[in-house]
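Residue-level structure breakdown
The lines below spell out each chain.
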Amino acid sequence: MLFSITDHPIRTQKRKRDLESLEAGGYVEFEGRVRKHSHGREVQRLDYESYQTLAESEGRELLQEALDRFDVIDAAAVHRVGSLDLGEVAVWIGVVGVHRADAFRACAFCIDEIKARVPIWKREVYANGEAEWINGCSGHGSVFASDEAVAHSHES
Amino acid sequence: MLFSITDHPIRTQKRKRDLESLEAGGYVEFEGRVRKHSHGREVQRLDYESYQTLAESEGRELLQEALDRFDVIDAAAVHRVGSLDLGEVAVWIGVVGVHRADAFRACAFCIDEIKARVPIWKREVYANGEAEWINGCSGHGSVFASDEAVAHSHES
Amino acid sequence: MSTPDGPTTAPQATTEARSVQVQYYAQLREDAGRSEETVQSTAGTVDELFEELNRRYDFSVAKDDMRVAVNDSFSDWETSLDSQDLVVFIPPVAGG
Amino acid sequence: MSTPDGPTTAPQATTEARSVQVQYYAQLREDAGRSEETVQSTAGTVDELFEELNRRYDFSVAKDDMRVAVNDSFSDWETSLDSQDLVVFIPPVAGG
């Protein structure tokens, strides 16, 4: 259950290997990447910054919440800060579980929570030279509804 | 949009790189792995076999359905056959999308559909020397309900 | 409906036997003791071919739990058989 | 409620000024023109400190859209300030 902030490219393969478990039937990964377009504007790069101490403690807390709330074995996440080029990975999340449904849910929960509450900020730098801080989340949003039916939860 | 069956270890990093797109804000990956316990029995290895021609055409069809049904950029999947040791990857699925919610949904859809309809069979070989063919899906099951609310679908 | 004895007494047999390919996977491969064979059959439909082979091998998977493919596409049990068709009976799948 | 002029006329000021650390991130860093500073303030609460600094820097993010952290934990705007506290105002986050 590791959450970290790094100013180097995220070593996603190493992070994934750290999560391996012989009890795990399913692994779900999410990567948030720098994309070329944002709300119709052409992006040149993204600058991320964090309030690192609080970001790491809040990140560990939300990973623990994911482990408490879902039937998964382990979860980890890394967020990059600094200047990121197009296509680079800004955030990586990995979850291993005995069965797949909870691994999907826990992974979606983690990215929802990271976006909602971890003190990290993003400045979009556009191809035309302009730049602006993105006014992100001040509330919660989720990929999946919390009360939805989950079939086949006993298969991986 | 590639679906393949292989009797070699799945090169997940190469498959992931093949999916990269500068328009992609989110990447979701699922790996189904051989786990040590199945319904309380200790597993030594799994043997998978496929009806390859039909498995590949059915696999391509379900990937196309995922692209039709969800707002994603690309999706790919590979299923391994042959004898797999504990911890090895039996199936890999990768999806890239502009936004994260549909990437999660499409990836879950693909593994649900693969399990439901692709002609691949699994024989569990147990630590005590016994073995049996797993009587898998003859119907459909899904990780997520099809009508659930999806918040924040316009953020990556 | 019950013709328990002998492949030569199959119901609805046509007069002419066709040569079809059959492949077996997973449990059915073990039941049949082979992964494929060429069958000379007078069966008019896939369903009749299955019944004929089921009498021979006593498959341990019920037909109701299976699907069938003809010439590498999922098909209907009532599909009529042509010479050289490839027929595959598909027990419940278990990928992933 | 309105005391538009001068840091020395802040409401509810106590007689003794405290020395607190303030860090600025993202838009607030640009507004303040610095990433951290030591502030001598008579503010009794985090909220009063914010108002004092907002008069100085005219932050472009509304207080209602922000959270606040004291000593590396999310905190309440009504938290009372102690000497040497680290205060961080947190504009809407945008990770991921």
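Let us look at the structure shown here.

Rules behind the numbers
- Numbering of residues starts from 1 in every chain and runs along the sequence as written.
- To label them, take the chains in the order written and letter them from A, then take the ligands in the order written and number them from 1.
- Local features in a predicted model are, by the rule used here, given only for residues with pLDDT of at least 70; side-chain atom pairs are given and counted only at 80 or more, and totals for whole chains, interfaces and linings are based on all residues.
- Hydrogens and water are ignored here; the side-chain numbers use all heavy atoms of the structure.
- Secondary structure is summarised from DSSP: a helix means a run of H or I of at least four residues, a strand means a run of E of at least two, and numbering begins at the N terminus for each.
- Burial classes: relative accessible area under 20% of the type maximum marks a residue as buried, over 50% as exposed, and values in between as partly exposed (1.4 Å probe, protein chains only).
- Here, residues are in contact when the closest pair of their heavy atoms is within 4.5 Å.
- A 1.4 Å probe and the Shrake-Rupley method give the accessible areas. Residues count as covered only by the protein chains that appear here.
- One bridge is not enough; two strands pair if DSSP finds at least two bridges between them.
- Helices are assigned an expected span. That span is 1.5 Å times one less than the residue count.
- For any pair of parts, buried area is found by adding up, for both, the accessible area (1.4 Å probe) each one loses once the two are put together.
- Two N or O atoms count as a polar contact when they lie within 3.5 Å, although within protein this holds only if one can serve as hydrogen donor and the other as acceptor, and sequence-adjacent residues are included solely when both atoms are side-chain atoms.
- For helices, the fitted axis covers only the stretch in contact; all axes are lines through C-alpha atoms, and the angles between them, taken along N-to-C directions, range from 0 to 180 degrees.
- Oblique is the label for any angle not covered by the other classes, which are roughly parallel (under 35 degrees), roughly antiparallel (over 145) and roughly perpendicular (65 to 115).
- For this classification, the nonpolar set comprises Ala, Val, Leu, Ile, Met, Phe, Trp, Tyr, Cys and Pro, the charged set comprises Asp, Glu, Lys and Arg, and every other residue, Gly included, is treated as polar.

Here the focus is the overall build of chain C. The secondary structure content of chain C amounts to 2 helices and 5 strands. Counted from the first residue to the last, chain C has its helices and strands arranged as β-α-β-α-β-β-β. Evaluated residue by residue, chain C yields a buried proportion of 46% over its 96 residues. Intrachain contacts of chain C at a sequence separation of at least 6 include 53% that bridge at least 24 residues. Here chain C has roughly 4900 Å² of accessible surface; of this, 44% comes from carbon and sulfur atoms.

Residues and elements named next belong to chain D. For strand β5 (residues 86–90), the tally of buried residues reaches 5 of 5 residues, placing the bulk of the element in the interior. Here β5 shows two buried faces, one formed by L86, V88 and I90 and the other by V87 and F89. The sheet contact formed by strand β1 (residues 18–23) and β5 spans 3 bridges and is parallel. Along β5, the bridge assignment pairs V22 with V87. In terms of strand pairing, strand β3 (residues 67–70) meets β5 through 4 bridges, oriented antiparallel. Bridge assignment links V68 to a residue of β5, and that residue is F89.

What follows is about the environment of N54 of chain C. Residue and element names in this part refer to chain C. Within the fold, N54 resides in helix α2 (residues 46–57). In this structure N54 comes out as partly exposed when scored by relative accessible area, which is 22%. Along the sequence, N54 and A32 sit 22 residues apart, while their C-alpha atoms lie 9.2 Å from each other.

Below, the discussion takes up helix α3 (residues 100–117) of chain A. Over its 18 residues, α3 of chain A runs 26 Å from end to end, which matches the ideal 26 Å to within 8%, given 1.5 Å per residue. Burial analysis of α3 of chain A places 17 of its 18 residues in the buried class, the great majority of the element.

As a further point, take the interface of chain B and chain C. Chain B puts 27 residues into the contact, and the matching count from chain C is 21 residues. In total, chain B and chain C occlude about 1900 Å² of area from one another, counting both sides; carbon and sulfur atoms represent 57% of this. If you sort the residues of chain B by the area they bury against chain C, Y51, W121 and W133 of chain B come out on top, with a joint share of 35%. Where chain B packs against chain C, one counts 10 residue pairs in polar contact (both at pLDDT 80 or more).

With that out of the way, let us pick up the packing of α3 of chain A against helix α3 (residues 100–117) of chain B. The geometry of α3 of chain A relative to α3 of chain B is characterised by a closest axis approach of 11 Å and an angle of 175° between their N-to-C directions. As judged from the angle between their axes, α3 of chain A and α3 of chain B are roughly antiparallel. Listed contacts from α3 of chain B to R100, F104, C107, A108, I111, D112 and K115 of chain A of α3 of chain A are R100, F104, C107, A108, I111, D112 and K115 of chain B. Within the contact of α3 of chain A with α3 of chain B, the residues separate by chemical class into 8 nonpolar, no polar and 6 charged.

Residue and element names in this part refer to chain C. Overall, mixed pairing links the 5 strands, which are arranged β2-β1-β5-β3-β4 in an open sheet. Edge positions in the open sheet fall to β2 (36–41) and β4 (73–75), since each of these has one partner strand only. Across the sheet, the mean angle separating the axes of adjacent strands is 35° when strand polarity is ignored.

Geometry only, nothing functional implied.
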